[in-house]
Structure formats: C-alpha cells, structure tokens
Amino acid sequence: GPRAAGDESRTREYAISIGHDLVRTMFRPPHHAGWLGLIRFPGAASRVYMVQTEPWSLNGDAGNALFLINLARATGERHFESAGRDALESAVNRTNETAGAGLFNLIGSSGYVGYFGLVYALAAAGVQLEDASLLQRALDLAARYPAEKIREERNPDLLTGAAGPAATLAWLHSLTQDPQPLLLARQFADAIGQCAVDGGRGGWQVPFFRRPLLGMAHGSAGIAAALIRLYRYTGDERHRDAALAGLAHERAHFQPADGQWPNLQEESGRIAYMTGWCAGAAGIGLGRLEFLKSGIDNPEIRADIEAAVAATRRNLCGIQHHACCGEAGRITFMMMAAHTLNRPELRSEALAAAVAMLDQFESQGHWYLQEFCERLTIPGLLAGVPGVGMALLSATYPSVSGVLGLC
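Summarised in this report is the structure supplied together with it. (Residues numbered from 1 in each chain as written. Predicted model: local features only at pLDDT ≥ 70, side-chain atom pairs only at ≥ 80, totals over all residues. Heavy atoms only, no water.)

Let us look at the side chain of Arg-94. Structurally, the position occupied by Arg-94 is in helix H3 (residues 78-100). In terms of polar contacts, Arg-94 uses its side chain to reach the side chain of Asp-61, at 3.0 Å. Discounting chain neighbours no more than four positions away, the residues touching Arg-94 are His-32, Gln-52, Thr-53, Pro-55 and Asp-61. (Helix = DSSP H or I, 4+ residues; strand = E, 2+ residues; numbered from the N terminus. Polar contact = N/O pair within 3.5 Å; in protein donor to acceptor, adjacent residues only side chain to side chain. Contact = heavy atoms within 4.5 Å.)

It is worth spelling out the pattern of salt bridges at this point. For the coordinates displayed, the defined rule picks out 28 salt bridges. Two residues, Arg-73 and Glu-130, come together in a salt bridge whose shortest N-O distance is 3.0 Å. Residue Arg-73 is found in helix H2 (residues 61-75), and its partner Glu-130 is found in the loop between helix H5 (115-129) and helix H6 (132-143); the two are separated by 57 residues along the sequence. For Glu-130, a relative accessible area of 62% corresponds to the exposed category. Across the salt bridge formed by Arg-330 and Glu-327, the nearest N and O atoms sit 2.8 Å from each other. Of this pair, Arg-330 and Glu-327 both sit in helix H14 (residues 327-341), 3 residues apart, roughly one helical turn. Through salt bridges with shared partners, a single ionic network connects Glu-250, Arg-251, Arg-288, Glu-300 and Asp-304. (Salt bridge = Lys/Arg side-chain N within 4 Å of Asp/Glu carboxyl O. Buried < 20%, exposed > 50% of the residue type's maximum accessible area, 1.4 Å probe, protein only.)

A separate point is empty space enclosed by the protein. Leftover empty space is mapped by rolling, across the atoms, a probe with the size of a water molecule. This model, assessed by the stated rule, comprises 1 cavity of 30 Å³ or more. A volume near 120 Å³ is recorded for the largest cavity. Along the walls of the largest cavity sit 15 residues, with Met-216, Ala-225, Arg-229, Glu-290 and Gly-405 positioned nearest its centre. Mapped onto the lining of the largest cavity, the elements with two or more residues apiece are helix H10 (220-234) and helix H12 (281-293). It is H12 that provides the largest number of residues to the lining of the largest cavity, a total of 5 residues. Across the lining of the largest cavity, the residue classes tally to 9 nonpolar, 3 polar and 3 charged. (1 Å grid on protein atoms, 1.4 Å probe; cavity = no way out; pocket = protein on both sides within 12 Å on 5 of 7 lines; lining within 4 Å. Points joined across faces, edges and corners; volume = space filled by probe spheres on them. Nonpolar A, V, L, I, M, F, W, Y, C, P; charged D, E, K, R; others polar.)

With 15 residues, helix H9 (residues 179-193) extends 21 Å from end C-alpha to end C-alpha; this agrees with the ideal 21 Å at 1.5 Å per step. Listing the buried residues of H9 in full gives Pro-181, Leu-182, Leu-184, Ala-185, Phe-188, Ala-189, Ala-191 and Ile-192. One side of H9 holds all its buried residues, which, seen down the axis, span an arc of 160°. Buried residues in H9 make contact with H5, H6, helix H7 (147-152), helix H8 (163-176), H10 and helix H11 (237-253). For H9, the capping residue at the N-terminal end is Asp-178, with a side-chain oxygen 2.8 Å from the backbone nitrogen of Gln-180. (Expected span 1.5 Å × (residues − 1). Arc of directions from axis to C-beta.)

Structure (structure tokens):
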C-alpha cells in the first residue's frame, strides 16, 4: 500500500545519501583511491586515530566499493559505479604491492577482512555490473594466493579464517565454471578439517577462544555453511558429513526455553545471548538457508530456520545498527529468509525494522556502530555505515550482494 511504498522510498533515499557521503569523503591521490576510518586502541577509549582503511577488506575499501557498485546497479547513477570501480582498481594495486613485498601475513586469507575479501568484492561487483573482466580479475587474484599459506592456515572460521575463502572460491567456481577455485577451496576445506573436534560434532576450535563456538562469524554455523556450499559443487561426502556434524553441535547447545543459541564466548556455566549476525540467531539462520540452497532440506534444518526467524523477530529494533552485531544484520537475514522461503511477511517485518532504525538515527542524531556513535559515514560493510546502507538497499533491490553469506 501507500505506506509500504513510502517506507521503501525512505530506505532507498537513505541508502543513496550514504553513497553520496562515501563518494564525497573518498580521496583520490595520483596513484590510489580510498577512505579514512577511525580506530580505537584496545583498553584506551580516549585514544582514537584516523587511519587509511585496508584495501582488501570488506570492512575497508573493497567493501565500500562494493556498496557503491550495488547502488549504481540499483539506481542507475553512474558516478557511484565510477567511484566503486576506481576504489576496486586501487584496492587491487595496493594488495598486489603488499603481497609483492612478501607481506601476506599482514593481509591474511580471510574472506571478509583479508585477501579473499577482495576476491569476493571483485566477483560480486562483476555480477552486479555484468562485467566478465571483474570476474576474471577475481580468478587471477585468487590464483596468486600462495599454496603454502593455505597449508599454514590454522583458523577454520568464516570471518577471519579458512571457511571464508572456501565459501568465496566455491561461489566463484559457480559463476565461472573455472575448476581452479574449486581446487583451492578443497585445500581450505582440508585446513578446516584439521581444526575439527570429533569430525565437527564437537565444533571447530578457533585460535584464541577457549572452546568451539556457535554462530556465523567464528562458530559452527559459518563453517558448516561453507562446507555445504563446497559439497554442492564437489559432491564430496566428507564436506557434507562435516557440515551436518556442525549443525548437530549447534543443536546440542540450543536453549528451548529461550528459543536461542547461547554465546559460548561467555564463561562456562553462564548463559548469555547475542542477537546479530556474528554470534546470534540471525547468522545461524542465514547459515541454514545455505543448506536449502544446496539441496539439503530436512525437518531439523527447517526447525532451526524457524527458531532463528522467531528469535530475530523478537530482537528487531535493537540499539546497535551495524551489520556484524546489530540491526543491519538482522534485517539482512529477514530479507534473505523472505526471498528463500517465499514468505513476504518476513520482508514486511524487515522493512518495518529498517524504518524504525532510521527513526532511531533521526531522533538520536547518530549511528550506533560497533566502536563508535557517529553521525558521520564511518566506512566498512561489517562495522560501518555502508553495511547499514546495504541492508536499507535490500528493501527495494532484491539482487543486492549477499555479503553476509559471501554470495
């Protein structure tokens, strides 16, 4: 009706305004383009510095560029495409310079904040712009990642470890039919397997955490989603079996009375919950949707999705706004669930939550992000305002890049 149309127009206009801010704050010196962001040093809340954002990261230049390219596709405004292409070109050049200097350890493999974040951004931009040359650049960049670095990988998770590259490479194979990404994805899956506890039935041990976790970012949901996507294209039953074992690990911790999965980063014996993409129901639900897309459908998976929808619904209109832990991640899951499950009522709820988030922004005068509360457009798809913009854009542009699922 008219109200829904008005809400859609409002979310679209806010997404466009975020894009204009990104273009306005982008710097373009002779050889590089990019953005400046803010960083807060741990344990020193008063020490905040302005730094150049990382070129390869989806929370840096690659992610900002991808948001602009999605805006270009959704709106037809060419200056968004021009800025996004410039930023991607610069990101590739800076990443190659860093890698060429032998500093792969500085970059890392991550599909979000490392080398394969840029691979994903190039591929996703190629899909948005229907540009095969960008897909080829993604293939070329992936092929240059050193095999020895894959063998050294000891982090299995989606956000910072091997599952992100595995998911990205399997998706890149599906887009191009090139066999090389699938070979690399299998190598990353081997690295994931080295971290499995009881074949995945006990989850996967991620460095720096006391025990295997639940959820999309560092836990079983994200790792299992990557493995089941790989199974979709390899037919390797080891990947399927490990993925299903990971789901069993998460179900063993589900709290029926609260209808949620606990955050196992908390001390043993204390039950607490996160409500966003990273370690909450929204991310777990998003991971389960990957099983349906891969042809794995059973009552347990459907029950998990329903529990994730119900828990996310209860936590809509929360305080934080960014995609990783906040409202943008919840909105994204509800929009993707609406599309995958063909349930338009979920889209209506997500749109209402998006409008409520904008009401909060207007009444408070700032975005409530992971590290900062600012009216300014802090860069980044995970912890910054462009991630909010991507969620807003999904209300009127169903083909928005699936960043939180690396698809």
